Amino acid sequence: QVQVAESGGGLVQAGGSLRLSCTASGSSFGYYAMRWFRQAPGKEREGVSCISRIGVTYSINSVRGRFKISRDNAKNTLYLQMNSLKPEDTAMYYCAPETSTDCSASWSTARSVSVWGQGTQVTVSS
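Okay, so let's go over this structure. (Residues numbered from 1 in each chain as written. Predicted model: local features only at pLDDT ≥ 70, side-chain atom pairs only at ≥ 80, totals over all residues. Heavy atoms only, no water.)

Looking now at the pattern of salt bridges. All chains considered together, the criterion is met by 3 salt bridges. In this structure, the salt-bridge partner of aspartate 89 is arginine 38, at a minimum N-O distance of 2.9 Å. With a gap of 51 residues between them, aspartate 89 in the loop between strand 8 (77–82) and strand 9 (91–97) and arginine 38 in strand 4 (residues 34–39) connect regions that are remote in the sequence. Accessibility assignment for this pair places aspartate 89 and arginine 38 in one class, buried. Taking the shortest distance from any N to any O, the salt bridge between arginine 66 and aspartate 89 comes out at 2.8 Å. Taken together, the residues arginine 66 in the loop between strand 6 (57–59) and strand 7 (67–72) and aspartate 89 in the loop between strand 8 and strand 9 connect sequence positions 23 residues apart. Assigned by exposure class, arginine 66 and aspartate 89 land together as buried. Beyond isolated ion pairs, a larger network of salt bridges with shared partners links Arg38, Glu46, Arg66 and Asp89. (Salt bridge = Lys/Arg side-chain N within 4 Å of Asp/Glu carboxyl O. Helix = DSSP H or I, 4+ residues; strand = E, 2+ residues; numbered from the N terminus. Buried < 20%, exposed > 50% of the residue type's maximum accessible area, 1.4 Å probe, protein only.)

Quick look at the structure:
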């Protein structure tokens, strides 16, 4: 199965940008759809964006137009380009595979993920 490690988080001012990376081990990386999640203090973990095996993307309304998910299967790496960051984006960000090649109707539900990486912290100051 796919194992992941997130990186690229940091402290930025509102309006700034960050690019998160998720490196994955396992030869099946290119087979599965991949997802980014985030969890703010005191809140449930929520899906942010999903990308299918062939590159079809989905995002929640609050980040649409600001965040862009992408993948490089040759490098076993998933990315999340985050622009125009807001304080409400402050959270620990995680990546995780889907259980199929496509993003399912419930891709944003964290309950479906059995194993998580360490995550990377994103903090946006006002």
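Further remarks concern the state of the cysteines. One pass over the structure, following the stated rule, counts 2 disulfides. Each sulfur in the disulfide pair cysteine 22 and cysteine 95 lies 1.9 Å from the other. For the disulfide bridge between cysteine 22 and cysteine 95, the dihedral angle about the S-S bond is near 60°, and by the sign convention the bridge is right-handed. In this pair, cysteine 22 sits in strand 3 (residues 18–25) while cysteine 95 sits in strand 9, placing the two residues 73 residues apart along the sequence. Across this residue pair, the class does not change: cysteine 22 and cysteine 95 are buried. For cysteine 50, the disulfide goes to cysteine 103, at an S-S distance of 2.0 Å. Around the S-S axis, the bridge from cysteine 50 to cysteine 103 shows a dihedral of about -95° and counts as left-handed. Pair noted here: cysteine 50 is in strand 5 (residues 46–51) and cysteine 103 is in the loop between strand 9 and strand 10 (120–125), with a separation of 53 residues, a long-range link. (Disulfide = S-S within 2.5 Å.)

Any link to function would need more than the numbers given here.
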